[in-house]
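# Residue-level structural notes
Residues per chain are reported as follows:
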Amino acid sequence: MDEDRWQRLEAAIAARRDDLVALTQALIRIPTLNPPGRNYREICEFLAARLAAKGFGIEMIRATGAPADSDAHPRWNLIARHEGAEPGECVHFNGHHDVVEVGHGWSVDPFGGEVREGRVYGRGACDMKGGIAAAVIAAEAFVETCPDYRGAVEISATADEESGGYGGVAWLAERGWFDPDRVQHVIIPEPLNKDRICLGHRGVWWAEIETQGRIAHGSMPFLGDCAVRHMGAVIAEMEETLFPLLAGRQTAMPVVPEGARSSTLNINAIHGGEPEQEPGYTGLPAPCVPDRCRIVIDRRVLIEEDIAEVKAEIAALMERVKARRPGFGYEIRELFEVAPTMAPRDAPVVTTVAQAITHVLGRAPDFVVSPGTYDQKHIDRIGRLKNCIAYGPGILDLAHQPDEWVGIEDMLDSARVMARVLGMLLR
Ligand SMILES: [Zn+2]
C-alpha cells in the first residue's frame, strides 16, 4: 500500500489507543464463561451496537439445537460485515467470545479489566478478547481511513471455541458462512504473539478403551477375570511398542513447543472396578474382581499421518494383547476426532500477514503450528477454506491461567499489522 495512505492508517490506529484499552476492558467485563455459556447474547449485542454505528451490517445468529444450546444458555454468534466501494475479496476476522472458568490464584478481579503497567488483566484478556479488540480497532480504522476500498471486511464473535466450537464456527461453517465464495481470507486473532503466524494445528483422536473380564469375590480372584490386569497388559504394550514408535515419528509442521513435533498419546483417565464413593463416605471398599476397566486416550495426529491408520494402529495393538491373553475382551469407543490442518506457506493470507509483520515490527515472523486445535479445523474441513491462519496479540502460555493479561503495545502492534493486511488485500 502507498506510503501516504499507510501513514494515515497508522495514525488512525495510534489515535485509538484509549479506545482499544476501553474496548478490551468492556469485553472482559462481560463474563462469558463456558461452560455453561453465560452472557453470549450480551457480548454479541455489545459488539453489534458498536459496529453498527460504524457502518457494519449485523447478523445475530443463534446456534439453535447445537450441543449445550438452551433457552437458559443460548449459543449466540455475531457476524458484522462492512462493504467497500467496489466488490472484491472479503477478509474475515474470527474471534471466539467465550472464556474458560476462572480457577484459583488470582490477585486481581478476573472480570474487572484492571490496567496495570501497560497490561489489561482479566479472564479472556489474551484468549481472546484482546485479539477481538485489536481486530475491531484495525477494521474500524481501515474503513474510516480508506472508504474507497474494494471488497469487504467481516468480524465475527463466535461461541464455544473452548468446548469444540460446535455452537460457533462449526455451526456457521455448516451453513455456508465460511464458504470460499463468501469469504476469501480468515485471520483468527488467538494469542500466538504479534510476531508469529500460526499456520494450523495437529489433529486429535479421543477414544475410550474398555477391557472386559468377569466379576468374582476378591478372595478367590482365580474364579473371576481381572479387567484391570488386562488393562495393565494394554498399557505395558503401549510402553513397549507404541510410545517409542510415536516419539520417533517427526513432523515437518513447525509445531511449538518442539516436544509436540512428534506424534503423542496421553492417557487422560483410567478407571477400573468399584466406583469411587462420595467424599466423606467412611466405609471400606467391597472385595470384587473388577470386570471392567476403561481408559480415555488422547492421540495427537501429525499432518503426515492418516487418522484411519492411527485408529488401525490402536486396534492392532489391542489384537496383539488379545492374542496373548485368553478370555480377554475389549471395546474401543470413538469419542472425537479432528484432522490436522495447515495453511500452505504461499497462501495469500500467510504471505500478506508476513509482509505486514515485517513492515510494522521490522523483523520477519516465525511460522508456527499449534499442538492443540482451535476453530481453524471447522473453517478448513467444513468451510473448505485453506486460506486461514491464527494471528493475534498475547502470550499463549498465559491463556487459561490466573492473572491472565494482554499487553497494550502488543495489541496496538497487531492492530497495525491487521490494518495493513486489510490495506494490502482490499485495494
Ligand atoms: Zn482461544
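Fair warning: this is a prediction, and the values are worked out from it, not measured in the lab.

### Regarding the sheet that holds strand β5 (residues 119-121)
Reading across from one edge, β4-β5-β16 is the order of the three strands in this open sheet, with antiparallel pairing throughout. Lying at the two open borders of the sheet, with one neighbouring strand each, are β4 (115-116) and β16 (405-407). Packed onto the sheet, helix α2 (residues 17-28) meets β4, β5 and β16 and runs at close to 15° relative to β5. Contacting β5 and β16, helix α4 (residues 125-145) crosses the sheet at an angle of about 45° to β16.

### Overview of the UniProt feature "domain: Peptidase M20 dimerisation" (unreviewed entry) in the chain
Those residues carrying the UniProt feature "domain: Peptidase M20 dimerisation" (unreviewed entry) are residues 200-323 in this numbering. Taken as a whole, residues 200-323 contains 31% helix and 25% strand, while its terminal C-alpha atoms sit 40 Å from one another.

### Topic: helix α10 (residues 408-425)
Spanning 18 residues, α10 covers 26 Å between terminal C-alpha atoms, matching the ideal 26 Å at 1.5 Å per step. Of all 18 residues making up α10, 15 are buried, and the element is well covered by its neighbours.

### A closer look at the nonpolar core
By size, the foremost hydrophobic cluster in this structure holds 102 residues, and its most contacted members are A138, V353, I389 and L422. Counting residues domain by domain, this core receives three or more from each of domain 1 (3-201 + 340-425) and domain 2 (203-272 + 285-337). Contact partners of I389, with chain neighbours within four places excluded, come to I187, I197, C198, L199, A343, V349, V350 and V353.

### What about the environment of L426?
Structurally, L426 can be placed in the segment after α10. C-alpha separation for the pair L426 and G151, spaced 275 residues apart in sequence, amounts to 5.7 Å. Here L426 is in contact with G84, G88, E89, V91, Y149, R150 and G151, once residues within four sequence places are set aside.

### Remarks on the pairing of strand β9 (residues 203-212)
Sheet topology places β9 next to strand β11 (residues 292-301); 10 bridges connect them, and they run antiparallel. Paired with E210 across the bridge in β11 is R294. When β9 meets strand β12 (residues 329-338), the two strands line up antiparallel, connected through nine bridges. Residue pairing across strands places Q212 opposite G329, the latter belonging to β12.

### Let's talk about the pairing of strand β2 (residues 76-83)
With six of eight residues buried, β2 is to be regarded as a mostly interior element. Strand direction decides the pairing type here: strand β1 (residues 57-62) and β2, joined by six bridges, are antiparallel. Of the residues in β2, the one forming a bridge with I61 is N77.

### Focus on the sheet that holds strand β10 (residues 264-272)
Hydrogen bonding along the main chain pairs the strands of a sheet, whether they run parallel or antiparallel. Strand order across the open sheet formed by four strands is β10-β11-β9-β12, with antiparallel pairing between neighbours. Edge positions in the open sheet fall to β10 and β12, since each of these has one partner strand only. Strand-to-strand, the axes of this sheet are offset by a mean angle of 15°, without reference to chain direction. Here eight bridges tie β10 to β11, and the two strands are oriented antiparallel to one another. Counterpart to I270 in the pairing with β11 is I295. Packed on one face of the sheet, helix α7 (residues 307-324) meets β9, β11 and β12 and runs near 165° to β12.

### Things to note about the environment of F243
Inspection of the secondary structure puts F243 in helix α6 (residues 227-247). Note on F243: 14 C-beta atoms within 10 Å, which makes it partly exposed. Taking the C-alpha atoms as reference points, F243 and S263, separated by 20 residues in sequence, lie 9.0 Å from one another.

### Some words on the domain arrangement of the chain
You can read the domains of the chain as domain 1 (3-201 + 340-425) and domain 2 (203-272 + 285-337). Taken over C-alpha atoms, the centre of domain 1 sits 38 Å from the centre of domain 2. Taken together, the contact between domain 1 and domain 2 spans seven residues of the former and 11 residues of the latter. Counted by class, the side of domain 1 that touches domain 2 contains six nonpolar, one polar and no charged residues.

Parameters and conventions
Residues numbered from 1 in each chain as written. Predicted model: local features only at pLDDT ≥ 70, side-chain atom pairs only at ≥ 80, totals over all residues. Pairing = 2+ DSSP bridges. Helix = DSSP H or I, 4+ residues; strand = E, 2+ residues; numbered from the N terminus. Contact = placed C-beta atoms within 7 Å. Axes fitted to C-alpha atoms, helices over the stretch in contact; angles between N-to-C directions. UniProt positions renumbered as here; feature names shortened; annotations may be inferred. Expected span 1.5 Å × (residues − 1). Buried ≥ 20, exposed ≤ 12 C-beta atoms within 10 Å, placed from the backbone. Core = buried A, V, L, I, M, F, W, Y, C linked by C-beta atoms within 7 Å. Domains from an automatic or database assignment. Nonpolar A, V, L, I, M, F, W, Y, C, P; charged D, E, K, R; others polar.

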